[in-house]
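Each chain, written out:
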Amino acid sequence: MDRPRVKRRSRPLAALVVPALALITGLPLVASCTAAGPPAPTPTAVRTDLDPLKRRFPQLGSLSAATWVSQVLTQNTGRGVPGPTDVSLDGVAQVEPATLAAITSSGTWEEAVIECGVPKEIATEVGGETGWLHSRAFDESITRTRYSGSFYFDKQTGRVYFCTVNPKVRSQG
């Protein structure tokens, strides 16, 4: 008795064509079609040195203590021409009472919540994110619109919280 012939399943055409195209074009095969998101920020150790802050934020006067972190936000990972790397600088510093009074006595200040977020590495040191004084005009006086940055003052404790991206070292003038 003759057995009925069963048609053998052939391999899907894509299973043959895709590897052949990859071989011909030299492009690597992609295992997944989902795009990888940007890399997570890379934190550095919590720092307490004052000189880097004084060079970037001279308007804050003579700082007596600080706790801060910097994080690499973006990093060029392509094989092409290297691009810029964005770095954030976030922290809290103790401001001299006379400097704090001079800064907050002029301009328009509003009670605000720290909008830029506080890195977990320094959250305990910063404390609450509400009840800080903020002025966009003061932000611009420091950043001179050359980089992004916000500065929040706590008159009760004499501290400033700063969150900046790519802060520039200030030269005289």
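Criteria and thresholds
- Residues numbered from 1 in each chain as written.
- Predicted model: local features only at pLDDT ≥ 70, side-chain atom pairs only at ≥ 80, totals over all residues.
- Heavy atoms only, no water.
- Buried < 20%, exposed > 50% of the residue type's maximum accessible area, 1.4 Å probe, protein only.
- Helix = DSSP H or I, 4+ residues; strand = E, 2+ residues; numbered from the N terminus.
- Pairing = 2+ DSSP bridges.
- Disulfide = S-S within 2.5 Å.

**Q** How should I be thinking about the pairing of strand E6 (residues 148–154) in this particular structure?
**A** Side-chain direction in a regular strand flips from residue to residue, so the side chains alternate between the two faces of the sheet. With six of seven residues buried, E6 lies mostly within the body of the structure. One ladder, built from two bridges, connects strand E5 (residues 132–134) with E6; its direction is antiparallel. If you follow Leu133 over to E6, its bridge partner there is Phe153. One ladder, built from seven bridges, connects E6 with strand E7 (residues 159–165); its direction is antiparallel. Within E7, the position partnered with Tyr152 by the bridge is Tyr161. Counting the residues in the hairpin turn of E6 and E7 gives four residues, including Gly158, whose phi is positive at 70°.

**Q** Got a minute to help me understand the pairing of strand E3 (residues 86–94) in this structure?
**A** Taken together, the nine bridges between strand E2 (residues 65–74) and E3 define a ladder with antiparallel strand orientation. What sits directly across from Ser70, in E3, is Leu89.

**Q** Looking at this structure, how should I read the state of the cysteines?
**A** Where two cysteines share a covalent bond between their sulfur atoms, that bond is called a disulfide. Under the counting rule described, the total for this entry stands at one disulfide. Here Cys116 pairs with Cys163 through a disulfide, and the sulfurs are 1.9 Å apart. Linking Cys116 and Cys163, the disulfide has an S-S dihedral of approximately -90° and is accordingly described as left-handed. Residue Cys116 is found in the loop between strand E4 (110–112) and helix H4 (123–126), and its partner Cys163 is found in strand E7; the two are separated by 47 residues along the sequence. The exposure class of Cys163 is buried, given its relative accessible area of 7%.

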